[in-house]
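The primary structure of each chain is shown beneath.
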Amino acid sequence: MRLCSHFVFSAVKNINIFLLLVFCSAVLLPTYLQAETEAERKARLEAQLYQIEMQMIESQRSLESKQQERQSLERDLDILDTQINRAELGIQARSLAISELTEQIEDKEVVIEILTERLEKQRSSIADLIRKTHEVDQFSLVEIMLSNQNFSEFFTDFENFRTLNNSLRESLDALREIKADTEDQKYSLEEKQLSEAELKKQQEREKAIIEAREREKERILTVTKGEEASYKELLASQQKTVAQLRAQLFDLLGGGGAIPFPEAVQLAQNAGAVTGTD
């Protein structure tokens with residue numbers, strides 16, 4: 001009887017112990033599991049934060065690279081604008097020079113026409129004098145004696161014819177020389193005009209090449225500005241994500257209240273490493 005009672009008592013005691021263990025497990029196990037879940041969440045958030053911060057560093061580098069590229073392209077475009085303006089001024093100068101040469105050539109053509117008319121008149125006058133001189137040479141002594149002119153008048157007229165003839169010939173030679181010189185000047189002006197026209201064409205070709213380069217630079221600049229804007233948006237989005245992750249970590253560490261000093265220092269250092277501040 002005593003043995004049976006002892007057995008019953010032992011069984012009840014073991015059951016109570018078992019129930020106590022079950023009760024403790026029911027009460028303490030969720031708390032343990034909850035603490036482990038928060039730790040895992042903290043680790044996950046910190047890993048995400050680190051990953052985003054590394055991405056932010058790369059985005060910042062890419063953004064700075066694009067900014068430098070944009071600035072370089074803008075400087076190149078300024079240089080190209082200067083070259084285009086210089087080419088335009090050169091083309092304008094060539095155009096003015098060609099216009100002036102054209103006017104000078106036209107002036108020379110007018111002079112040549114006047115000289116040609118004078119030469120024709122001089123030739124006609126000389127031809128008349130030659131014909132009259134020839135007629136005088138055909139007079140015989142009898143004809144002279146039978147004419148109303150005396151010898152003195154006849155020879156005076158004859159000498160006047162010869163003097164006038166010589167004068168006309170000298171004038172004709174001078175006109176020919178002036179005309180030849182004017183034609184040479186006109187030819188020289190025409191050569192200069194051709195040279196200026198060729199230089200103008202060359203400058204126009206150079207200007208077209210520079211303008212094509214400028215258009216290509218502007219196209220690249222537009223693309224670069226777009227990429228720069230994209231990196232700015234990406235960086236802003238990453239900064240927002242980092243801020244959200246830090247807020248969640250703050251909640252885990254202190255719930256917006258007192259944060260352990262070592263944790264606060266670590267978060268501040270992480271933020272400084274990304275933003276470039278100490």
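In this numbering scheme, every chain counts its residues from 1 along its sequence in written order. Where local features are concerned, this predicted model is filtered to residues with pLDDT of at least 70; where side-chain atom pairs are given and counted, the filter is 80 or more; whole-chain, interface and lining totals use all residues. The basis for every side-chain value is the complete set of heavy atoms in the structure, and neither hydrogens nor water enter the calculation.

Caption draft 1: Spatial organisation of the overall build of the protein. From N to C terminus, the protein includes four helices and zero strands. For the protein, the succession of helices and strands along the chain, N to C, is α-α-α-α. Here the protein, with 278 residues, has 19% of them falling under the buried criterion. What makes two residues a contact is simply this: any of their non-hydrogen atoms within 4.5 Å. The long-range share in the protein, meaning contacts at least 24 apart out of those at least 6 apart in sequence, stands at 89%. Starting at the N terminus, helices and strands are each numbered in turn, a helix being any DSSP run of H or I of at least four residues and a strand any DSSP run of E of at least two. Under the scheme applied here, a residue whose accessible area is under 20% of the maximum for its type counts as buried, over 50% as exposed, and between as partly exposed, the area being computed with a 1.4 Å probe on protein chains only.

Caption draft 2: Up close: the side chain of Gln238. For Gln238, the location among the structural elements is in helix 3 (residues 151–254). Of the residues examined, Gln238 reaches a relative accessible area of 7% and is grouped as buried. The residues touching Gln238, leaving out its near neighbours within four places in the chain, are Ile52, Gln55, Met56 and Ser59.

Caption draft 3: Summary view of the pattern of salt bridges. Every case where a carboxyl oxygen of Asp or Glu lies within 4 Å of a side-chain nitrogen of Lys or Arg is listed as a salt bridge. With the rule as written, the count across this model stands at 17 salt bridges. Salt-bridge contacts for Glu53 lead to Arg246; the nearest nitrogen and oxygen are separated by 3.0 Å. In this pair, Glu53 sits in helix 1 (residues 2–137) while Arg246 sits in helix 3, placing the two residues 193 residues apart along the sequence. The same class applies to Glu53 and to Arg246, which are both buried.

Caption draft 4: Fine view of the nonpolar core. Take the buried residues of types Ala, Val, Leu, Ile, Met, Phe, Trp, Tyr and Cys, join any two whose side-chain atoms come within 4.5 Å, and each joined set is a nonpolar core. Counting nine residues, the largest nonpolar core consists of Leu45, Leu49, Ile52, Met56, Leu63, Leu235, Val242, Leu245 and Leu249. For this core, the elements supplying multiple residues, two or more each, are helix 1 and helix 3. What Leu245 contacts, discounting residues up to four positions off in sequence, is Leu45, Gln48, Leu49 and Ile52.

Caption draft 5: Seen up close, the side chain of Ser59. Mapping Ser59 onto the fold places it in helix 1. Judged by relative accessible area, which is 4%, Ser59 ranks as buried. Those residues in contact with Ser59 that sit more than four places away from it in its chain are Tyr231, Leu234, Leu235 and Gln238.

Caption draft 6: Molecular detail of the environment of Glu190. Position of Glu190 relative to the elements: it lies in helix 3. Residue class for Glu190 comes out partly exposed when judged on its relative accessible area of 28%. For the pair formed by Glu190 and Ile105, sequence separation is 85 residues and the distance between their alpha carbons is 7.0 Å.

Caption draft 7: Broad picture of a negative patch on the surface. The patch calculation keeps residues exceeding 30% relative accessible area without a salt bridge and links them within 9 Å when they carry like charges or within 5 Å when they are nonpolar (Val, Leu, Ile, Met, Phe, Trp, Tyr). The method behind every accessible area is Shrake-Rupley, applied with a 1.4 Å probe, and residues are considered shielded solely by the protein chains displayed. Counted as positive: Lys and Arg. Counted as negative: Asp and Glu, with His and the chain ends omitted from the count. Charge positions come from single atoms, namely NZ of Lys, CZ of Arg, CG of Asp or CD of Glu. A cluster of like negative charges, contributed by Glu100, Glu103, Glu106 and Asp107, occupies part of the molecular surface. Within the secondary structure, Glu106 sits in helix 1. A relative accessible area of 43% means that Glu106 is categorised as partly exposed.

Caption draft 8: Up close: the environment of Glu88. Its place among the elements puts Glu88 in helix 1. Residue Glu88 is classed as partly exposed on the basis of its relative accessible area of 29%. Here the alpha-carbon distance between Glu88 and Glu204, two residues 116 residues apart in the chain, equals 8.1 Å.

Caption draft 9: View of the confidence of the model for the protein. Known as pLDDT, the predictor's confidence for each residue is given on a scale from 0 to 100. Within the protein, residue pLDDT values average 74, and 65% of them lie at 70 or more. Element-level pLDDT for the protein is lowest in helix 4 (residues 261–275), with a mean of 48, against a maximum mean of 83 in helix 3. Below pLDDT 50 for its whole length, residues 256–262 participates in seven contacts with residues either more than four positions away or in separate chains.

Caption draft 10: Expanded view of the environment of Lys121. Along the chain, the position of Lys121 falls in helix 1. Under the relative-accessibility criterion, Lys121 is labelled exposed at 59%. C-alpha separation for the pair Lys121 and Leu172, spaced 51 residues apart in sequence, amounts to 9.4 Å.

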